[in-house]
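Listed below, chain by chain, are the residues.
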Amino acid sequence: GTNNNYQVAIRQAFPQRRDGELVVQPRVLRLPVPPQRTQQVTTGLRQVCQQKVSPAVSLGEKKVARCELDTRADTTCCGMNFRPLIESGKKCSVQGFSGSLGAMEDIPIASCATAFEHENGRTYILVFNEALYFGDKMDHSLINPNQVRDNGIPLWDNPYDDLFPKTRPLGIEAGGECKFIPFESKGATVFFRSHVPSDEELEECEHIELTSSTPWNPHDMKMPSEPETWLEARVDQFDFSRNSAVRMIEQVDRDIERNANRHCSMYETDSALATVDGAYVEQEFTERLVASVNVFPEDLRASVSEVTSKTRHAEVTLAHCARIVGVGLDKARSILSKTTREGIRQACRPLHRRLKPFKVLDRRRIDVKLGMDCVFSNVESIDGNKALMVIGCQKYIEVYPVKQNNNVCAGESLSDFCHTVGIPDDLKTDQHGCFKKDSGKFKEVIKANRIHHRYSEPEREGQLHMVDGPIARMKAWWQLQRSQKNVPTRLWSFALIHFARLHNCIPQRNDPTGYQLMTGETPDISNLLDFEFYSLVWFWTEKHPSIGAEGRKLARWLGTARNYGDALTYWVMPESGVPVTRSSVEHVTTDDLRSPEIKGMVDHFNSALTDRLKDDRHRIEGPFDENGVKVHRLNDVDDPAETDQAYGDNTPTDDDYGEGIEPAKNADDIDAQSILDPYLNAKVILNHDPENSMYLGTRDMPADKLGTVVRRKSDPITGETGGPNADNPAIDDTEYEVLMPDGTEQTFRANAIAENLWQQCDAEGNEFTVIREIINHRFDETAIRIGDEKATVTGPDGDERPAMTTKGLQLEVELNNDATIWVPMADLKYSNPVELAEYAYNNDLLDEPVFKWWAPKWLWERHRIVKKAVPKYWRKWKSSIEKEMCKIDSMEVFEPIEGITPEQARKSVAPLIGYQEIKCHMIFDVKMDGTCKSRFVAGGHTTETPASLTYSSVVSRESVRTIFTIASLNDLKVLSCDIGNAYLNAPCKERIWFVAGPECGKHKGKVCKLKRALYGLKSSGASWREMFSNFIQEKLNFKPTTMDPDVYIRRATRADRTGDYYEYLLVYVDDVLVFSERPQETMDIIAGEFTLKDKPSEPDIFLGAGMKKIPSPDGEREYWSMDSEKFISNAVETVSKILAEDGRELLPKRMKKNRRFNSPLHVNYKPELDKTPECNEDEASRYRQLVGILRWSAELGRIDILYEVSIMSQYQANPRKGHLEALYSIFCYLQANPVRRLVFNPRRISKENCVFNDDADWTQFYGDVVEESPPRMPDPLGPAVQLSCYVDASHANNVVTRRSHTGINLFLMSTPVISHCKRQNTCEAATFGSELVAMRIARDLIIAYRLKLKSFGVRIDGPADVHCDNQGVCCNTMYPESTLSKKHNAINYHVVREAVAMGAMRVCKEDTETNNADALTKLLPFDKKRELLGFLQIE
């Protein structure tokens, strides 16, 4: 029905009785929108239609009405005393309390305002967001008090509250000057009065927002049942669930990985702030907050007391991975990101599995230095092993339990490693007997596989550092398993094999996992994450596991069985005490343990297995080695639960030390320098240097980059260590021996060590280490545990509360230098409370008294902060989006098609037959001044566009240099302009439609047809160029030139009437240059047709190059010039930041003094002979990025690095680390020499000393050959120009491929317009051949450039002068009668001679010392290159 019919129906359905009588109010319920309506968003029973909102109801005169408090109106309903402010574009259908009353459809959802007159005499505008606007259809309004409370605003509407009216009256605490909005009551109704605000009131009165602008869904609103839940309900600014946070974290990780969308590396303001700390960059601060969250509100609602599995197979979560591997949450996230989990179990009957086969690469060579050592046990393992062979490096190890510690077992272990992993090129062992024997199994394997075997020095620490570290971690892990899980000692062989497989899948920092480093494959950890070591499991003894539960038995899980069955086959320990392999294995779940029968089976199983695995009769005495070699034992690591020797009376006596104690020395015998030396045992940080093997670096390096000062260096003759240290450390040259991580020793001076130590400390001399993550915990006997009487205390009101305690708990933390320490909980709670609370949750410790009283509150508080920070970051983009969309609307970029749904459009109904569907979206950028830039773009990559519609040319750089030189020669003025939103001025060539998104406002959800060439479409560039070219030709009367269609010319008469000249117009997409005596006239016409970003002016920058006028040498004129100073500065800054991340500096301070006079690369450098290791994927990507930057620098006029860039560009496919260091050297040169200015000089080059054979007659050889002219060539006007070309080639310059290199400089007057530097395509047997090839390339460039000049209407003064330094080539091309002695060069020979015969070029002999093309063919010293390239002005 009509609105009037609905109004009558509602008044009949809801009779109103006033004046104290009963009042029946309408209740707002929901009905589904009719099924024929499309594009609906349904929330419960409430359905939102994304359609255009009807115009607001007219306000008329001032209307006063009640705003009644009604909790059953689940959304605020705005009646006749409100007016809408912002329409959301959504509608919903509303129904009364009875279904028979019918529904009111198309009720708009909007932000509405009403005016409240306060008792203080002022009027306040109350704004209700996400409200239903009824307007005149309701003579009163309904306020949902819970919607107000959800916005964090206190509201009291309960007159039966005990505090009413003594201390707290009914009303709303609005805050601000209004402070409080009191309520009235009449009968059972609580309300306040307000009226429709006028325009003046909306403009002048204070606004108070009572409900949130966040989309309101009453069905998802949670009522506060406890303080934590209420806190969660208060935070409504951001949907901070696990899914939303994970999506954001994953996107940030992808951006960081490819260095995309990183404000701190892209934008000037954020970059400056990031140098102080990343937390000052709003984007990084917000991302840190979200990324640091590992516990979410939905996690805290569940019980955390379970320690048994709830499912048959484990769900791979962050906490689960951290618990299985024994690492912190951050390391667990890194493990999951660098491994796969393709093995999936399905716990249904019958059992199924999807398996990933184990991949073996046989007999591969391993180019990594490995170590091998033996670990002994004092208990024989369950499978009869007495020792353990360990082979590997810091990141990867393999362990092989052996029966005896002899040569045969060592050889079998090494042979197994060679077959399953690979053959190491280098292996280092100690001098234990099992490795030292000259003949035997071990030596046979060494010789058969051609392994370089080395021994460590006896009684020297750190010689086997590659395996000592993993062995120490392995023993600590084993002791932890024994103490925490009561793992029997005899299972050590299975446990340590499992540890090795876990260890190989743990990445270190940003490096790949050890498995990937060793094999080149990404490890799959499905079989490692399903079960914990020694966890209780079921396994099936029957052939078919689907027969039922009667076929299953209890066992303990012992790890994966690599050489048995398929990939998901495991070792399990049944009650018999004999390990077996099974693939049908499941967890014993919590539901299982609730069964008394199964609980009894478990108790019996544990007791029987413990008796069978006792180690009383399996003790091993020894071992002892006759060579005095250090012996590893599994029980070397102290039990974590043992008492610290620092406490109690545990000081050893002299008898305890035995004969090892020596009598104290006399005071005169003590070396004071060795005791009081300030540098001994100091830790120094090492960085890699390409020039030296190692040098002292900066702080925050991992432990494997630390060196230790062990002793003073003694004189090799006298044996003395020198005198005392100097008082000033800066001049102390005392030498010290530093023990390197690889066990070697190097010498450093005291002043270098002192500087390194100073860098590791703050201004007060304190050294700091940062906690990376928490990895373990332990309780002592003083800890208060669950169930203790002291776990709770009774409060004043008689309620039991958790006791506030922190004693008895220590936590193991990993520091930023890879070291681990144990820290009391009290200290960690003070410094890292959030990380500690998350660790407690993920390790099921939140119910422990030490955490229960504070940890949950910290997690909730952090959630509240993050949820407020995220929307604040994005709110500033709102105005930017609105500005962009206003521009889109004003230019009528798209047209909405009424009456057609997306489903109909996809069926190609009229008028969209033949149209393609795409998606449009917003992209964002931050400008250098910090302003936010948004742009509405199309997903053009999804369309199929013919190539003919996508090609769009731009003016070439040689044409730009040419026209600037012509402008200097003809005294022409230059103006530039930038056309705003250029593409949107052109029509769309493609047939495109899309569904409007929320950024399109009232058109959201509608089918829209593109009318303009929107950014992002493949055809937009071509469409804009075609439209603008037509404008230039039709409105400006310019004509495109034949050889460069983006250079337009127009004939004009000089103002002084001395003759005609050509005006030029150059176009590079939306950048326009006009060269004329009166360029402003042309610019005015362009500005009248298009919107310009700025007022036309003389160019100061064009295509990234700086443009500037400089005075001529005589001071009479000004010439235009081009430099790349700004681009070079930004590039150097970018490279400096990249190196800073690696802990390096682009140009060390000690090198800056002389660096200005160094060449980009050393004159003897040969990149083809570089034997350094190949770059990894990230380094190779960086290499290509840096090459691209350098190539564009050369395009902008840096000819002085053109040859260096050319030879380094040849290795982009597979660069080596030495090649990357060479690029850094080029950037060092640019940093020291930032400016080389290319001047558009119209002066002629002097040819006084040049000898040309102008009298030669070529007609009898080539006839009357004539130079070609371009079609539609304009009449040449203005002064004639001179062309000069310098040619050179370096024969067989590449010592590997013996390919030559060509260098050519082509000058227009004194301006270098073309510089060619490229490796030749063929190998030439002699210098003559390479020089003739270079001459032929120069001829091709000259012919093409002369055609271009003619199409520009430029008068050319005779042939181009070609300067060559090879006598044979000069003779063959200068003298017609000269014959060719090398017939394989005949084609090049005749092509060049014919160009000379037609008058396009002439050749003369140039001395090598003055041939400037020599700088483009070889590496030269700085002074020589500067002399040859003197035409580049230096500032």
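Notes on the structure in this doc start here.

Now for unusual backbone geometry. The residue after Ala-910, namely Pro-911, is reached through a cis peptide bond having omega 5 degrees. Positive phi, normally seen in glycine, also occurs at Ser-908, with a value near 60 degrees. As for its position among the elements, Ser-908 is in the loop between α29 (902–906) and β40 (916–917). For Met-1309, which is not glycine, the phi torsion reads 55 degrees and is therefore positive.

Among the secondary structure elements, Lys-62 is positioned in the loop between β3 (46–50) and β4 (64–69). Classification of Lys-62 by relative accessible area gives exposed; the value is 54%. Taking the C-alpha atoms as reference, Lys-62 lies 7.9 Å from Ser-198; in sequence the two are 136 residues apart. The contact partners of Lys-62, leaving out residues within four places of it in the chain, are Glu-117 and His-195.

So, about the packing of aromatic side chains. We describe a pair of aromatic rings using the distance from one ring centre to the other and the angle between the two ring planes. Following the criterion strictly, the structure yields 27 aromatic pairs and no others. Taking the centre distance of 4.6 Å and the plane angle of 15 degrees together, the rings of Tyr-983 and Tyr-1015 count as stacked. One end of the pair, Tyr-983, is in the loop between β43 (973–978) and β44 (992–995); the other, Tyr-1015, is in the loop between β45 (1007–1010) and α31 (1020–1035), with 32 residues separating them in the sequence. Of the two residues, Tyr-983 and Tyr-1015, neither departs from the other in class, the shared state being buried. Taken together, Phe-964, Phe-1075, Trp-1120 and Phe-1240 form an aromatic cluster joined through their ring pairs. The lysine or arginine in question, Arg-785, covers the ring of Phe-779, its NZ or CZ lying 3.9 Å from the ring centre. One residue, Arg-935, lies across the ring of Tyr-1015, its end atom 4.1 Å from the ring centre.

Let's shift gears to the sheet that holds strand β11 (residues 171–175). Spatially, β10-β11-β12 is the arrangement adopted by the three strands of the open sheet, whose pairing is antiparallel. This sheet does not close on itself; its edge strands, each paired only once, are β10 (155–156) and β12 (179–182).

The next point concerns the nonpolar core. Most often, soluble globular proteins have nonpolar side chains that are buried together. By size, the foremost hydrophobic cluster in this structure holds 109 residues, and its most contacted members are Phe-964, Tyr-1064, Leu-1066, Phe-1075, Phe-1227, Leu-1308 and Met-1401. If one sorts the elements of this core by residue count, helix α39 (residues 1327–1351) sits on top with 10 residues. Filtering out sequence-adjacent residues up to four positions away, Leu-1308 remains in contact with Thr-962, Thr-965, Ile-966, Asn-1241, Val-1281, Gln-1282, Leu-1283, Val-1313, Tyr-1345 and Leu-1349.

Looking now at the side chain of Asp-1200. Tracing the chain through its elements places Asp-1200 in the loop between α35 (1177–1195) and α36 (1202–1208). Using a relative accessible area of 3% as the deciding quantity, one classes Asp-1200 as buried. Here Arg-1198 takes part through its side chain, which lies 2.8 Å from a polar atom of the side chain of Asp-1200. Among the polar contacts made by the side chain of Asp-1200, one reaches the side chain of Tyr-1229 at a distance of 2.8 Å. Setting aside residues no more than four positions away along its own chain, Asp-1200 makes contact with Pro-1160, Tyr-1229, Arg-1236, Lys-1425, Leu-1429 and Leu-1432.

Conventions adopted
- Residues numbered from 1 in each chain as written.
- Predicted model: local features only at pLDDT ≥ 70, side-chain atom pairs only at ≥ 80, totals over all residues.
- Heavy atoms only, no water.
- Helix = DSSP H or I, 4+ residues; strand = E, 2+ residues; numbered from the N terminus.
- Buried < 20%, exposed > 50% of the residue type's maximum accessible area, 1.4 Å probe, protein only.
- Contact = heavy atoms within 4.5 Å.
- Phe/Tyr/Trp six-rings, centres within 6.5 Å; stacked < 30°, edge-to-face > 60°.
- Lys NZ or Arg CZ within 6 Å of the ring centre and 35° of its normal.
- Pairing = 2+ DSSP bridges.
- Core = buried A, V, L, I, M, F, W, Y, C linked by side-chain atoms within 4.5 Å.
- Polar contact = N/O pair within 3.5 Å; in protein donor to acceptor, adjacent residues only side chain to side chain.

Remember that the coordinates give geometry; whether it matters functionally is a separate question.
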